[in-house]
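Here is how the chains run, residue by residue.
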Amino acid sequence: MSEGAERVGIVLTGAAARGAFQAGALAQLLPALARRGMTPTVAIGTSAGAINAALWASYAHLSTDEIGRRLRGLWVGTDSDDIFRHPLLTLPSVTWDALRSSVGLGGGVDALLDTSRLVATAGEALDTVQISANVDHGIVDAVGVVATRMPAAADPAAVSSGRSVLFLDTTLDASTVADPSRALDVARSRISAEHVVASSAIPLAFPAVRVSHPPGIGGWYADGGIRLNAPLRPAVQLGVDRLVVVAAHATRYGDAPGPEPAKASQPDLADSAAHVLHAVLADRMVEDLADLRWTNSLCSAMGDGELVDRCGEPLRRIPVLTVAPEPGQLAAVADSVLRDKYGTWPWRWFDDSGTWLLGRLLRSVGDGPGRAELLSYLAFESEYFAEQITLGSAAADAALARGWSDDGRVGAGS
């Protein structure tokens, strides 16, 4: 970064198959920001955002147009076969493990899907050597991915001892990035495919991932969005002057619903599960963004450095640009695309039936808005990705038109 230039950071939230929206947004944002002299040099991501952050760091030596082309191409060229084995191939082993565990034999089911293909895909698609080179050469100031460290001990208190870990490769001072109040640890390390896959290990659907490095932080890890879906503070503590937040959920709450009809149907299991998942991934992100905007309001009134955060670090005003879909938008797109593609039956049995089968399984627990919401996280389909990329591009244009917010106000769509 040249002397006197502002350091721009990107935070990419997680949401599994919704990551293509972020790719479309980045492809539009990066050239536009570069034309304004605001080329990002810091990126931190969670889950699908970790994938996009690592890909950006591996492409950062290229032109912004080429970065966008590669991001779009990788997502559109990805399908369910690149992520997990066909569910019919894993169903027997999952059923057997569940039955054995039910009678006291074995440790139970690790996950519903076999993601060994995701491990292979990540190894092929992610140029970790180039990431390291881009950091070493100063093209990238920092790249980080957040994962959730799973408890190791099998005791009643173990489930409450999980922590967030930010795997971080940077040349910047990272001494204040860890956040004890949010149980966030920092592991300085070269970013590997292992870290990215661990950050993307969707609870229940994907198995936890064993991380072996750096020394002292090894263990089992799951999706970073479980505990920290929007790592805003780490980016701020790395010294960014402006922050771009590219989310895979709406960054504002929807409007309050009207009166419920007397004969409204009872929420089904899919609706309840979707509500819980949204609360984990989206609600805390919305609140963290609101806190950042409130901090900006205070700093505008009192001056930078006059107040400190929960860890005792000075607060300062950080202009924010948010890019996000509208509430419910990606769920509707996923449902529409898959209904058009498959109807109620896949055109090509087995080859195209992995996502269709997941959709049928979800249909067994409901057919309301919750089913479409859940499907939007698991529909690893190129047609769905293409639609998301278009939406992400349009959302980025809208965000650029709104401009940066640094005074606590929340604009429409922000």
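A few points on the structure. Fair warning: this is a prediction, and the values are worked out from it, not measured in the lab.

Close contact between helix α9 (residues 269-302) and helix α12 (residues 369-378) brings their axes to 7 Å; oriented N to C, the two are set at 50°. Compared by their axis directions, α9 and α12 come out oblique. Note that α9 runs across α12; the crossing there is left-handed. Together, A270, D271, A273, A274, L277, H278 and L281 of α9 and P369, G370, R371, E373, L374 and Y377 of α12 make up the contact between the two elements.

The subject of this paragraph is a nonpolar patch on the surface. The grouping of M150, W220 and I226 at the surface amounts to a nonpolar patch, some 280 Å² of accessible area in total. By the secondary structure assignment, M150 is in the loop between β3 (142-149) and β4 (163-170).

Counting buried positions along β3 gives seven out of eight residues, so the element sits mostly inside the fold. In terms of strand pairing, strand β2 (residues 42-46) meets β3 through five bridges, oriented parallel. Residue pairing in the sheet places A43 in a bridge with V143 of β3. In this structure, β3 lies alongside β4, joined through eight bridges in antiparallel fashion. Paired with G144 across the two strands is L168, which belongs to β4.

Before going further, it helps to examine the side chain of S376. Mapped onto the elements, S376 comes out in helix α12. When its relative accessible area of 0% is taken as the criterion, S376 is described as buried. Within polar-contact distance, the side chain of S376 engages the side chain of R18 at 2.9 Å. A distance of 2.6 Å separates the side chain of S376 from the backbone oxygen of E373, its partner in a polar contact. Those residues within four positions of S376 in sequence are excluded, and the remaining contacts are A17, R18, L330, A331, A334 and Y384.

Let's shift gears to the side chain of Q22. With respect to the element layout, Q22 can be found in helix α1 (residues 19-35). A distance of 2.6 Å separates a polar atom in the side chain of Q22 from the backbone oxygen of T13. Aside from chain neighbours lying at most four places away, what touches Q22 is L12, T13, A48, G49, N52, V246, A247 and A248.

Looking at the secondary structure, you find G239 in the loop between α8 (232-237) and β8 (242-246). Exposure remark for G239: the relative accessible area of 23% places this residue in the partly exposed category. Here the alpha-carbon distance between G239 and G24, two residues 215 residues apart in the chain, equals 26 Å. Each residue touching G239, except ones within four places of it in the same chain, is listed here: R7 and R316.

Within β2, five of the five residues are buried, which leaves it mostly tucked inside the rest of the structure. A two-sided burial pattern is seen for β2, the buried positions comprising V42, I44 and T46 on one face and A43 and G45 on the other. With four bridges joining them, strand β1 (residues 8-12) and β2 adopt parallel strand pairing. What sits directly across from I10, in β2, is A43. The handedness of the β1 to β2 crossover, carried by α1, is right-handed.

About the thresholds
- Residues numbered from 1 in each chain as written.
- Predicted model: local features only at pLDDT ≥ 70, side-chain atom pairs only at ≥ 80, totals over all residues.
- Heavy atoms only, no water.
- Axes fitted to C-alpha atoms, helices over the stretch in contact; angles between N-to-C directions.
- Helix = DSSP H or I, 4+ residues; strand = E, 2+ residues; numbered from the N terminus.
- Parallel < 35°, antiparallel > 145°, perpendicular 65-115°, else oblique.
- Left-handed = near helix turned anticlockwise from the far one by under 90°.
- Contact = heavy atoms within 4.5 Å.
- Patch = residues over 30% accessible without salt bridge, like charges linked within 9 Å, V, L, I, M, F, W, Y side chains within 5 Å.
- Areas by Shrake-Rupley, 256 points an atom, 1.4 Å probe, with all protein chains shown as cover.
- Salt bridge = Lys/Arg side-chain N within 4 Å of Asp/Glu carboxyl O.
- Buried < 20%, exposed > 50% of the residue type's maximum accessible area, 1.4 Å probe, protein only.
- Pairing = 2+ DSSP bridges.
- Polar contact = N/O pair within 3.5 Å; in protein donor to acceptor, adjacent residues only side chain to side chain.
- Right-handed = clockwise from strand over helix to strand, strands pointing away.

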